[in-house]
Amino acid sequence: MSLIVHKYGGTSMGSIERIQNVARRVAKWHAAGHQVVVVPSAMSGETNRLLGLAKDISATPDPRELDMLAATGEQASSALLAIALMAQGVSARSYTGWQVPVKTDSAYTKARITGIDDARIRADLDAGRVIVVTGFQGIDDDGHITTLGRGGSDTSAVAVAAAIKADECLIYTDVDGVYTTDPRVVPEARRMNVVSFEEMLEMASLGSKVLQIRSVEFAGKYRVPVRVLSSLTDPLIPLDEEMKSGTLITFEEDKNMEAAVVSGIAFSRDEAKLTLLAVPDTPGVASAILGPVAAANIDVDMIVQNQSVKGTTDFSFTVNRNDFVRTLELLKSQVGPAVGAGEIIADDKVCKVSIVGIGMRSHVGIASLMFRTLAEEGINIQMISTSEIKTSVVINDKYMELAVRALHKAFGLDQEPGQVVAE
Ligand code: ADP
Ligand code: ASP
Ligand code: MG
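Caption draft 1: Expanded view of the overall build of the protein chain. Check the secondary structure of the protein chain and you find 12 helices and 18 strands. The C-alpha radius of gyration computed for the protein chain amounts to 23 Å, which stays within 12% of the reference 22 Å derived for 423 residues, consistent with globular compactness. If one aligns the C-alpha atoms of the protein chain with their principal axes, the spans along those axes are about 75 × 55 × 35 Å. Taken across its 423 residues, the protein chain has 50% of its residues classed as buried. Within the protein chain, contacts between residues separated by at least 24 positions form 75% of all contacts whose residues are at least 6 apart in sequence.

Caption draft 2: Structural view of the sheet that holds strand 10 (residues 194-196). The 8 strands are arranged 3-6-2-1-9-11-12-10 in an open sheet whose pairing can be described as mixed. Only two strands of the sheet have a single neighbouring strand rather than two, namely strand 3 (92-95) and strand 10. Each strand axis lies, on average, 20° off the axis of its neighbour in the sheet, ignoring direction. This element, helix 3 (residues 63-87), spans strand 2 (35-40), strand 3 and strand 6 (130-133) of the sheet and lies at about 175° to strand 3.

Caption draft 3: Layout of the confidence of the model for the protein chain. Confidence in the prediction for the protein chain averages 94 pLDDT; 96% of positions are at 70 or higher. With pLDDT under 50 throughout, residues 419-423 is counted as low confidence; its partners more than four residues away or in other chains account for 9 contacts.

Caption draft 4: Quick look at the pattern of salt bridges. Inspection of the entire model under this criterion finds 18 salt bridges. Residues Arg 49 and Glu 46 are paired through a salt bridge, measuring 3.0 Å at the closest nitrogen-oxygen approach. Of this pair, Arg 49 and Glu 46 both sit in helix 2 (residues 46-57), 3 residues apart, which is roughly one turn of that helix. On the basis of relative accessible area, Arg 49 is assigned to the partly exposed category, the value being 46%. Classification of Glu 46 by relative accessible area gives partly exposed; the value is 22%. Salt-bridge contacts for Arg 269 lead to Glu 401; the nearest nitrogen and oxygen are separated by 3.3 Å. Of this pair, Arg 269 sits in strand 13 (residues 264-280) while Glu 401 sits in helix 12 (residues 400-410), and the two are 132 residues apart along the sequence. Salt bridges here are not isolated pairs; linked through shared partners, they connect Arg 25, Lys 28 and Glu 242.

Caption draft 5: Region of interest: the site of ligand 1. Around ligand 1 sit 17 residues, and of these Thr 173, Asp 174, Tyr 179, Asp 182 and Arg 184 come closest. Residue Asp 174 places a side-chain N or O atom 2.8 Å away from an oxygen atom belonging to ligand 1. Contact distances for ligand 1 include 2.6 Å between an oxygen atom and a side-chain N or O atom of Arg 184. In isolation ligand 1 has 580 Å² of accessible area, and contact with the protein removes 90% of it.

Caption draft 6: Examining the environment of Val 262 more closely. Among the structural elements, Val 262 can be located in the loop between strand 12 (247-250) and strand 13. In sequence terms Val 262 and Ala 294 are 32 residues apart; their C-alpha atoms lie 33 Å from each other. Discounting residues that sit within four places of it in the chain, Val 262 has contacts with Ile 355, Val 356, Gly 357, Met 360, Ile 366, Phe 411 and Leu 413.

Caption draft 7: Expanded view of the site of ligand 2. By nearness alone, every residue bordering ligand 2 is listed as Ser 41, Thr 47, Glu 74, Phe 136, Arg 150, Gly 151, Gly 152 and Ser 153. One of the backbone nitrogen or oxygen atoms of Gly 151 is found 2.9 Å away from an oxygen atom of ligand 2. Interatomic distance of 3.4 Å between a backbone N/O atom of Gly 152 and an oxygen atom of ligand 2. Relative to its free-state accessible area of 260 Å², ligand 2 is covered by the protein chains to the extent of 86%. Tallied by class, the residues present in the shell around ligand 2 amount to 1 nonpolar, 5 polar and 2 charged.

Caption draft 8: Up close: a nonpolar patch on the surface. Taken together, Ile 16, Leu 80 and Ile 83 make up a surface patch of nonpolar side chains, about 250 Å² in accessible area. Position of Leu 80 relative to the elements: it lies in helix 3. Taking the relative accessible area as the measure of exposure, Leu 80 reaches 30% and is therefore partly exposed.

Caption draft 9: Region of interest: helix 11 (residues 366-376). Three or more residues of helix 11 are buried, namely Ile 366, Leu 369, Met 370, Thr 373 and Leu 374. Burial along helix 11 is one-sided: seen end-on, the buried residues are contained in an arc of 130°. More than 90 degrees from the buried face of helix 11, the exposed residues found are Ala 375 and Glu 376. Where the residues of helix 11 are buried, they touch strand 16 (344-356), strand 18 (390-396) and helix 12. Immediately beyond the C-terminal end of helix 11, within one or two residues, lies Gly 378, with a positive phi of roughly 75°.

Caption draft 10: Spotlight on the packing of aromatic side chains. With the rule as written, the count across this model stands at 4 aromatic pairs. Centre to centre, the rings of Phe 218 and Tyr 222 are 5.7 Å apart; their planes meet at 20°, and the pair counts as stacked. Of the two residues, Phe 218 and Tyr 222 both sit in helix 7 (residues 213-222), 4 residues apart, roughly one turn of that helix.

Caption draft 11: Inspection of the packing of helix 9 (residues 285-295) against helix 10 (residues 324-339) at higher detail. The N-to-C vectors of helix 9 and helix 10 enclose an angle of 150°; their axes lie 9 Å apart at closest approach. With respect to helix 10, the element helix 9 is oriented roughly antiparallel. In this structure, helix 9 crosses over helix 10, and the sense of that crossing is right-handed. Of helix 10, the residues touching helix 9 (which contributes Ala 288, Ile 289, Pro 292 and Val 293) are Leu 330, Leu 331, Gln 334, Val 335 and Val 339. Grouping the amino acids of the contact of helix 9 with helix 10 by side-chain chemistry returns 8 nonpolar, 1 polar and no charged.

Reading guide: rules and limits
Residues numbered from 1 in each chain as written. Chains lettered and ligands numbered in written order. Predicted model: local features only at pLDDT ≥ 70, side-chain atom pairs only at ≥ 80, totals over all residues. Heavy atoms only, no water. Helix = DSSP H or I, 4+ residues; strand = E, 2+ residues; numbered from the N terminus. Rg over C-alpha atoms; globule rule 2.2 N^0.38 Å. Buried < 20%, exposed > 50% of the residue type's maximum accessible area, 1.4 Å probe, protein only. Contact = heavy atoms within 4.5 Å. Pairing = 2+ DSSP bridges. Axes fitted to C-alpha atoms, helices over the stretch in contact; angles between N-to-C directions. pLDDT = per-residue confidence, 0-100. Salt bridge = Lys/Arg side-chain N within 4 Å of Asp/Glu carboxyl O. Near = heavy atom within 4 Å. Polar contact = N/O pair within 3.5 Å; in protein donor to acceptor, adjacent residues only side chain to side chain. Areas by Shrake-Rupley, 256 points an atom, 1.4 Å probe, with all protein chains shown as cover. Nonpolar A, V, L, I, M, F, W, Y, C, P; charged D, E, K, R; others polar. Patch = residues over 30% accessible without salt bridge, like charges linked within 9 Å, V, L, I, M, F, W, Y side chains within 5 Å. Arc of directions from axis to C-beta. Phe/Tyr/Trp six-rings, centres within 6.5 Å; stacked < 30°, edge-to-face > 60°. Parallel < 35°, antiparallel > 145°, perpendicular 65-115°, else oblique. Left-handed = near helix turned anticlockwise from the far one by under 90°.

And the structure:
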């Protein structure tokens, strides 16, 4: 008998039929003698619908109330799943985040899990029940409902798995694993049987929404075995077959692992770029610009400062597109005048495209192949950032799909591993 956490995303929970299929799959695991905790997302479209209602009332809805609202999506889908399980003769019970409780900090709409009390879950599992725990939500120290950021049910599932020391966390979704890039953008993308933890962390942080970044962080911190697999297969396929499907995130550098230099391409449309022209090139300027931005709880991603010309320099940085308007207002009203900047240029039509691979550590010329490939497509690079295992560029977002396809081909990702295209 093992202890397994299943997570089902919005599409997987998207209709009554799909919820019934999820129940069939869970019932199969339960009947095979496993203890199962299920973490569902809201039915597809529901979170967007709820947040849209709030936006119809106010352009700046109160974040606490947004969480109160959005958390209902998972509450409904969890109860429906428990009902579907019971209709199939399986003893089941659903809990909201606050009933477990899943404790978080108080950062509404992007709260972090700080602890999970496993007593209730354990008692119910020991009583032979399947437990359904709402994804995406928790409760802070003062008893306010919080949510974990978009895609946060992945994090709920891995955190629950860590808390109850599950043998495996299975993330069921609408694709059958982690691909070399989003298969909806590049049909030639290949599914990987295994992906290293480090690469998955980079891919998730650079925009591959197949897993929320924090779920990967949790998996690393608590060494939770995570597998990404399809919820759209026949729910009654044999367990051993199911356990071999999908993509396993590994923590060891396996010698037999796909030895590609670049193993994946990630991209994010959620980017916006801001530039302050002609700021004085003196100590403390970066801090004077980015300090107020950080104080406003806005995350800055890439930063570029140019060579100074006659004592001034241009300073650019990117933020999430959701924070674009707020950042621009802050720069215009406060930061720009305070640092004596010239013009402020703002562009929310940019995207970030990244190549990722642990093999990049030991190979040279990877970034230059990336830049050449983009040049051959006539795509201008606006910003560059690199780390040991990734290179990211900011480009005009109308070229995003073209760039991703061209890079996928240039790095041989549509070929079987071992056939990496030469420099
Ligand atoms: P869920 O609702 O199950 O959480 P998401 O929509 O959040 O599903 O994530 C799954 C989607 O992630 C896929 O449908 C796919 O379009 C997208 N995706 C992006 N990058 C990748 C990748 N490298 N491999 C697989 N899917 C990816
Ligand atoms: N329902 C939430 C969202 O749409 C959480 C999730 O699906 O993971 O972002
Ligand atoms: Mg998701």
